[in-house]
Amino acid sequence: MITVSLIIFLIVAVITLGSALMVVTARNLVHAALWLVVALFGVAILFGLLQAGFLAVVQVVIYIGAIVILIIFAIMLTQRNALEIGSRFNENWGWALGISALVFAALVWAIVSWPGFHVQAQPLDARFDSVAELGKALVASNGYALPFELASVLLLAALIGAIVIAWERKPEER
Amino acid sequence: MLPIEYYTGLSVILFTLGALGVLIRRNALIIFMSIELMLNSANLAFVSFARSYEGMSGQIFVFFVIAVAAAEVAVGLALIVAIFHTKRNIDVDQINSMKG
């Protein structure tokens, strides 16, 4: 039976996979980054379809708003021209295709053979508020308060690490 | 509500595309973008299973994955820029020594 949500899912799935393929094959790096935006936006829509509205917003804000912008900055800093010179692919592309096919087969086998795979989702209770549940779980002491604090320490460490690594030292300091 | 298999199938294909990108490309930045694709496919699988079991743990895990991905991107891109400063190149076929 064809429903509205199936049609939306199929359109979003085709767009997401097509733009992911463009990311992998595009010759122009800036184009690849823009295709990545499309793919991430498709995943955000899928989060919305799965009734994870908060994560859909986080996906757009953090992935598209921060991570892809950082990647575009890195492209601007490292490429003299956005087009790659020479072959895009390394010479082991045959092995790469084979290993990817193997990964695909292994994932399909692992998921299909897992008994929990066929649990079907029930419609959610109308009063169920996933944002409130998420917020409570993140600060509850019997929930995920400690990993939440650890994540903030990790982000601080990454911030300092990124500054230290990218710091351009003056020649006499080396 | 669509069957959860649709979402998991999509995430498997997306993960395979990301793995292919990591293995096949020469430019370090494209490899980075492919890693983001793989992280996203894993997030999609987490959210779809969280939906089918009606629990919050999957969504909270995705939240932490996104936080770790942000940290990974900050450090990774700083490394790529630092490598570019010394080698003037970010082609992974050319980067085969740790120093100078």
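All of these numbers come straight from a predicted model, not from anything done at the bench.

*Asks:* Mind showing me how you'd approach the overall build of chain A here?
*Replies:* In terms of helices and strands, chain A carries six helices and zero strands. Start at the N end of chain A and walk to the C end: the helices and strands fall as α-α-α-α-α-α. Projecting the C-alpha coordinates of chain A onto the three principal axes gives extents of approximately 65 × 45 × 30 Å. Long-range contacts, defined as pairs at least 24 residues apart, comprise 54% of the intrachain contacts of chain A with a sequence gap of at least 6. Here chain A has roughly 10,800 Å² of accessible surface; of this, 74% comes from carbon and sulfur atoms. Taken as two groups, the 8 positive and 9 negative side-chain charges of chain A have centres that lie 7 Å from each other.

*Asks:* Looking at this structure, how should I read the confidence of the model for chain B?
*Replies:* Any residue range with low pLDDT should be treated as having predicted coordinates unsuitable for detailed reading. When pLDDT is averaged along chain B, the result is 88, and 97% of the positions lie at 70 or above. Across the interfaces of the predicted complex, the ipTM metric reaches 0.91, alongside a pTM of 0.89.

*Asks:* Even after reading the chapter, I still don't get the confidence of the model for chain A, so can you show me in this structure?
*Replies:* Overall, the predicted model of chain A reaches an average pLDDT of 86, with 93% of residues at or above 70. Ranking the elements of chain A by mean pLDDT puts helix α5 (residues 130-139) of chain A last, at 85, and helix α2 (residues 29-49) of chain A first, at 94.

*Asks:* I'm lost on the interface of chain B and chain A in this one. Help?
*Replies:* Accessible area lost upon the coming together of the parts serves often as the stated size of an interface. Residue-level contacts link 67 residues of chain B with 85 residues of chain A. Here chain B and chain A share an interface that buries about 7,100 Å² over both sides, 77% of which is from carbon and sulfur atoms. Among the residues of chain B in contact with chain A, B:Arg25, B:Met33 and B:Arg51 are the three that bury the most area, contributing 9% of the side total. The tally of links between chain B and chain A comes to five residue pairs in polar contact (both at pLDDT 80 or more). Those elements giving two or more residues to the side of chain B that touches chain A turn out to be α1 (4-24), α2 (28-53) and α3 (57-87) of chain B. In terms of residue count, the dominant contributor to the side of chain B that touches chain A is α3(B) (23 residues). Considered class by class, the residues forming the side of chain B that touches chain A number 47 nonpolar, twelve polar and eight charged.

*Asks:* What am I meant to see in unusual backbone geometry here?
*Replies:* Backbone geometry follows two general trends: most residues other than glycine have a negative phi, and most peptide bonds adopt the trans configuration. The backbone of A:Gln51 sits at a positive phi, close to 60 degrees, despite the residue not being glycine. You can see A:Gln51 is positioned in the loop between α2 and α3 (53-78).

Rules of the game
- Residues numbered from 1 in each chain as written.
- Chains lettered and ligands numbered in written order.
- Predicted model: local features only at pLDDT ≥ 70, side-chain atom pairs only at ≥ 80, totals over all residues.
- Heavy atoms only, no water.
- Helix = DSSP H or I, 4+ residues; strand = E, 2+ residues; numbered from the N terminus.
- Contact = heavy atoms within 4.5 Å.
- Areas by Shrake-Rupley, 256 points an atom, 1.4 Å probe, with all protein chains shown as cover.
- Lys, Arg positive; Asp, Glu negative; His and termini not counted.
- Charge placed at Lys NZ, Arg CZ, Asp CG, Glu CD.
- pLDDT = per-residue confidence, 0-100.
- Buried area = accessible area lost by both parts, 1.4 Å probe.
- Polar contact = N/O pair within 3.5 Å; in protein donor to acceptor, adjacent residues only side chain to side chain.
- Nonpolar A, V, L, I, M, F, W, Y, C, P; charged D, E, K, R; others polar.

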